[in-house]
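Take a look at the letters that make up each chain.
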Amino acid sequence: MEQKEKTPLLAVRHLSISFTQYKRWWRREEQQAIRDLSLEVGAGEMVAVVGSSGSGKSLLAHGVMGLLPYNASWEGDIFYKGEPLTEERLKKLRGREIVLVPQGASYLNPLMTTGEQVRQGARDRESRRQCREALERYGLGEETESLYPFQLSGGMARRVMIAAAVQRKPCLVIADEPTPGLHLEAAKRVLSHFREMAEEGAGVLLITHDLELALLTADRIVVFYAGTNLEEAWAGDFTQEEQLRHPYTRALFRGMPKNGFQAAAGAQPYGDNLPEGCVYEPRCPWRQEQCRQPVPYRQLRGGRVRCWRDI
Ligand SMILES: Nc1ncnc2c1ncn2[C@@H]1O[C@H](COP(=O)(O)OP(=O)(O)O)[C@@H](O)[C@H]1O
Ligand SMILES: [Mg+2]
């Protein structure tokens, strides 16, 4: 795809994340939650990672931010502006150049007012003005500045978190499910602000389970399933089923309200139940013998797909 000729802002290559868990009789078990995941986000681009619950979306975000839980280990490469994103670089960039809007509203500091969190402690007039402006953008009145997180509704808390994150004019924004708890208009407004950030040159990685919302604003869609990516498509490819490259993406397409909600049978496999080969094989209408082998992620029609067939 075009972006790849330039150095992408963020490049994740062959990322795998595993958890060590202790099971019966203190037996140690490694469970792979993400397997061979690759994606890129260019400057000025909004890429949406779309997948159902448990597909590994938040893990990807936490992996990039260097915020994985203690029992997790990872391998693969993560590059930011062409250089490995080391622990040391992350310490300097996290919360400034690279910002995560985390999933769930519980990340606000319960002891600080909304205004203090958005201003990050600054008290000068300019910071106050910027804070007011940021909150106003998300439809939050002046009175919200003196409220504590417990006094906010879930939707308000989300918007405060987003305002606090974008206040820092980041180069890379990772927004983990920023819209649940918001009604459609508010959700669209939030996404349009992320879109604006991309227009102004930032790279935006939007994480969502809502394909329709993603299609409203993203340039590209990366489809997640059971800890890996099955397809990378342009948003425009979703106008016609035939343009989509993977049977799962096609099933998602048919499951959209405008296409009559035709859900595919079966469920996503997890953790210790992952098939050796294609993770979609058990549900796939086109499965064949070779799908039991690991399937490479390859280029197809200007996008990428993890499927042997050229559908
Ligand atoms: N702390 C953890 N310990 C063990 N497994 C975990 C942990 N966090 C996540 N996982 C596993 O990783 C999978 C992906 O989780 P997550 O990235 O949160 O999914 P999503 O954000 O797509 O809903 C989960 O199904 C779960 O099995
Ligand atoms: Mg999540």
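Bear in mind that the values here come from a model prediction, so they are computed numbers and not experimental data. (Residues numbered from 1 in each chain as written. Chains lettered and ligands numbered in written order. Predicted model: local features only at pLDDT ≥ 70, side-chain atom pairs only at ≥ 80, totals over all residues. Heavy atoms only, no water.)

> Explain the overall build of the protein residue by residue, including any values.
The number of helices and strands found in the protein is eight helices and 12 strands. Against the 2.2 N^0.38 benchmark of 19 Å for 311 residues, the protein shows a C-alpha radius of gyration of 20 Å, consistent with a compact globule. When its C-alpha atoms are laid out on the principal axes, the protein stretches across 65 × 50 × 40 Å. For the protein, buried positions account for 51% of its 311 residues. Just so you have it, the protein exposes about 15300 Å², and 51% of that area is on carbon and sulfur atoms. Charge-centre separation for the protein: the mean point of 42 positive side chains lies 2 Å from the mean point of 40 negative side chains. (Helix = DSSP H or I, 4+ residues; strand = E, 2+ residues; numbered from the N terminus. Rg over C-alpha atoms; globule rule 2.2 N^0.38 Å. Buried < 20%, exposed > 50% of the residue type's maximum accessible area, 1.4 Å probe, protein only. Areas by Shrake-Rupley, 256 points an atom, 1.4 Å probe, with all protein chains shown as cover. Lys, Arg positive; Asp, Glu negative; His and termini not counted. Charge placed at Lys NZ, Arg CZ, Asp CG, Glu CD.)

> Any details on helix 1 (residues 57–65)? Residues and values, ideally.
By the criterion of burial, helix 1 is predominantly enclosed, with nine of the nine residues buried. What helix 1 keeps buried is the set Lys57, Ser58, Leu59, Leu60, Ala61, His62, Gly63, Val64 and Met65. Looking at the residues trailing helix 1, positive phi occurs at glycine 66, about 70°.

> Give me the lowdown on the nonpolar core, citing residues and values where you can.
Core analysis: the largest hydrophobic core is formed by 57 residues, its most contacted members being Phe194, Ile221 and Tyr280. Residue contacts for tyrosine 280: discarding those within four places in its chain leaves Tyr225, Leu230, His246, Pro247, Tyr248, Ala251 and Ala264. Among the nonpolar cores identified, the runner-up in size contains 31 residues, and Leu10, Leu60, Leu90 and Val222 belong to it. (Core = buried A, V, L, I, M, F, W, Y, C linked by side-chain atoms within 4.5 Å. Contact = heavy atoms within 4.5 Å.)

> Please give an account of the coordination of the magnesium ion (ligand 2) that cites residues and values.
Distances from the magnesium ion (ligand 2) to its protein donors, Ser58 (OG) and Gln103 (OE1), fall within 2.1 to 2.2 Å. On the criterion of sequence distance, the pair formed by serine 58 in helix 1 and glutamine 103 in the loop between strand 6 (98–101) and helix 3 (114–119) is long-range, its members being 45 residues apart. (Donors = N, O, S within 2.8 Å, 3.2 Å for Na, K, Ca; no water.)

> Account for the packing of helix 5 (residues 154–166) against helix 6 (residues 184–199), naming residues and giving values.
Viewed as axis vectors pointing N to C, helix 5 and helix 6 meet at an angle of 10°, and their least axial separation amounts to 12 Å. By the angle between their directions, the pair helix 5 and helix 6 is classed as roughly parallel. Mapping the contact onto sequence places Arg159, Ile162 and Val166 in helix 5 and Val190, Phe194 and Met197 in helix 6. Grouping the amino acids of the contact of helix 5 with helix 6 by side-chain chemistry returns five nonpolar, no polar and one charged. (Axes fitted to C-alpha atoms, helices over the stretch in contact; angles between N-to-C directions. Parallel < 35°, antiparallel > 145°, perpendicular 65-115°, else oblique. Nonpolar A, V, L, I, M, F, W, Y, C, P; charged D, E, K, R; others polar.)

> Run through empty space enclosed by the protein, naming residues and quoting values.
The tally for this structure, following the rule as stated, stands at one cavity of 30 Å³ or more. Here the largest cavity is characterised by a volume of approximately 90 Å³. Here the lining of the largest cavity is composed, by residue class, of nine nonpolar, two polar and two charged. (1 Å grid on protein atoms, 1.4 Å probe; cavity = no way out; pocket = protein on both sides within 12 Å on 5 of 7 lines; lining within 4 Å. Points joined across faces, edges and corners; volume = space filled by probe spheres on them.)

> Requested: an account of the environment of alanine 157, with residues and values cited.
Within the secondary structure, alanine 157 is located in helix 5. Between the C-alpha atom of alanine 157 and that of glycine 181, which follows or precedes it by 24 residues, the distance is 9.7 Å.

> Give a description of the sheet that holds strand 5 (residues 83–84) that names residues and reports values.
Strand order in the open sheet made by the four strands is 2-1-4-5, with antiparallel pairing throughout. Two strands close off the open sheet at either side, each with one partner strand: strand 2 (27–41) and strand 5. Where strand 1 (residues 10–23) meets strand 4 (residues 72–80), eight bridges bridge the pair, whose relative direction is antiparallel. Looking at strand 4, one finds that leucine 10 is bridged to tyrosine 80. Against the sheet, helix 1 touches strand 1, strand 2 and strand 4, its axis set at about 110° to strand 1. (Pairing = 2+ DSSP bridges.)

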